[in-house]
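# A look at the structure
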Amino acid sequence: MVIIDREKCVGCGLCALDCLARAISVEDGRAAIVKGCFHCGHCVAICPAEAVRIEGGDYDMRDVEPVGAGFGVGAEAFLHAVKTRRSIRQFGRECPSRAELETILEAGCFSPTASNAQNVSYIVFTEGTERLRALAMAELRKLKDDEQAFYTVFPPPMSLSRVHFEDDDFLFKGAPAVILTVSPHAVNAAIASCNMEMEAAALGLGALYVGFFARLAAHSEALRSFLGLKPEDTVVTCLALGPPAVEYQRTVPRRKAQIDWR
Ligand SMILES: Cc1cc2nc3c(=O)[nH]c(=O)nc-3n(C[C@H](O)[C@H](O)[C@H](O)COP(=O)(O)O)c2cc1C
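Please read all numbers here as calculations on a predicted model, not as lab measurements.

Moving on: the environment of L105. Note that L105 resides in helix α4 (residues 98-109). Separated by 16 residues in the primary sequence, L105 and S121 place their C-alpha atoms 9.8 Å from one another. Every residue in contact with L105, bar those within four places of it in the chain, is listed here: Y122, V124, I179 and M196.

So this is what it looks like as structure tokens:
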């Protein structure tokens, strides 16, 4: 619930102007809530008098940070970070710390979601990674001699020859931690994952999207039950995480994008 402190409100109307839901109006020189909204928090963020808060429903105003000067990433630095991010497939064995994983998850949780649904949840494996790996590999190996089943799970252009069934680390490449995003909304989960991957890189950690696992999880009852998924849940992304055991010296070229300026 959005609450406006009438004592603090200066009646500037910035919150009302920026409210997508038109849920705020300025009455008698003070902002007032006139209807419900989906709690995007723009009113909290824009208020010059710290007069707005969101309460209840798992919101915690202690999460709110001042934008502050000097926090900008810088356009050039950000683009460099995007270009130097690499999929890591060689990992050290040391598991990222709880604090590092929480920072990565925070980047996911504070990502945008359609209609501010915040409907992405996370399953984090640290000590449990080995059990996940063993079960996932067992499920993958069931498809080895059944072409039809394999291509149901991994439709072309995927091909059987790309899967190294004999390699225990084929899926997670020996990463000591794994974060799964679970959501009914694939775009929301993908955006959260993208921010988590960048946060991991900023922490000096390596990350790998394991699309093979996400597809496997969509088809394997054993995996779904192990993960405790509800029928409506989908594992949208799987991020393997750990210290990178490889160092890249430069960025890579990409095909020229087809961009249609109009
Ligand atoms: C959705 C998605 C799924 C992926 N799945 C896998 C995977 O299962 N195994 C793997 O080794 N790499 C996987 N990758 C990594 C891609 O192969 C990689 O992003 C691409 O080759 C470009 O390399 P880069 O990430 O280092 O720039 C995946 C990437 C994405 C975005």
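Residues spaced three or four apart along an α-helix face the same direction, because each turn holds 3.6 residues. With twelve residues, α4 extends 16 Å from end C-alpha to end C-alpha; this agrees with the ideal 16 Å at 1.5 Å per step. For α4, the complete set of buried residues consists of L101, I104, L105, A107 and G108. The buried side chains of α4 occupy one side of the element, clustering within an arc of 150° when seen end-on. Contacts made by the buried residues of α4 are with β5 (121-125), β6 (177-182), α7 (186-202) and β8 (235-242).

Within the fold, P96 resides in the loop between α3 (75-84) and α4. Taking the relative accessible area as the measure of exposure, P96 reaches 6% and is therefore buried.

Within the structure, the ligand sits among R85, R86, S87, R89, K173, L208, Y209, V210, G211, F212 and R254. Separating an oxygen atom of the ligand from a side-chain N or O atom of R89 is a distance of 2.7 Å. Between an oxygen atom of the ligand and a side-chain N or O atom of R254, the distance comes to 2.8 Å. Where the shell around the ligand is concerned, the elements lending two or more residues are β7 (206-209) and α8 (211-219). Residues of the shell around the ligand, tallied by class, amount to four nonpolar, two polar and five charged.

What follows deals with the pattern of salt bridges. Per the counting criterion, the structure on display carries nine salt bridges. Between R53 and E55 there is a salt bridge, and its shortest N-O distance comes to 2.7 Å. Owing to a relative accessible area of 35%, E55 belongs among the partly exposed residues under this scheme. One salt bridge connects E197 with R85, and the closest N-O pair in it is separated by 3.0 Å.

A separate point is the nonpolar core. If you look at the biggest cluster of nonpolar residues, it comprises 34 residues, and the most contacted ones within it are L140, F154, L171, V210, F213 and L216. Setting aside anything within four residues of it in sequence, one finds F213 in contact with L132, A136, L171, F172, L180, L223, L227, V235 and C238. In terms of nonpolar packing, the next biggest core, distinct from the first, is built from 15 residues, L101, Y122, I179 and L239 among them.

Before going further, it helps to spend a moment on the packing of aromatic side chains. We describe a pair of aromatic rings using the distance from one ring centre to the other and the angle between the two ring planes. In the structure shown here, the tally under the stated rule is seven aromatic pairs. Ring geometry for F125 versus F226: centroids 6.1 Å apart, planes at 15°, classification stacked. With F125 in strand β5 and F226 in helix α9 (residues 221-227), this residue pair connects regions lying 101 residues apart in the sequence. Take F125: its relative accessible area is 9%, and that puts it in the buried class. Note on F226: relative accessible area 27%, which makes it partly exposed. Grouped by ring-pair contacts, the aromatic residues F150, Y151, F154, F165, F170 and F212 constitute a single cluster.

What counts as what
- Residues numbered from 1 in each chain as written.
- Predicted model: local features only at pLDDT ≥ 70, side-chain atom pairs only at ≥ 80, totals over all residues.
- Heavy atoms only, no water.
- Helix = DSSP H or I, 4+ residues; strand = E, 2+ residues; numbered from the N terminus.
- Contact = heavy atoms within 4.5 Å.
- Expected span 1.5 Å × (residues − 1).
- Buried < 20%, exposed > 50% of the residue type's maximum accessible area, 1.4 Å probe, protein only.
- Arc of directions from axis to C-beta.
- Near = heavy atom within 4 Å.
- Polar contact = N/O pair within 3.5 Å; in protein donor to acceptor, adjacent residues only side chain to side chain.
- Nonpolar A, V, L, I, M, F, W, Y, C, P; charged D, E, K, R; others polar.
- Salt bridge = Lys/Arg side-chain N within 4 Å of Asp/Glu carboxyl O.
- Core = buried A, V, L, I, M, F, W, Y, C linked by side-chain atoms within 4.5 Å.
- Phe/Tyr/Trp six-rings, centres within 6.5 Å; stacked < 30°, edge-to-face > 60°.

By themselves, these figures tell us nothing about what the structure is for.
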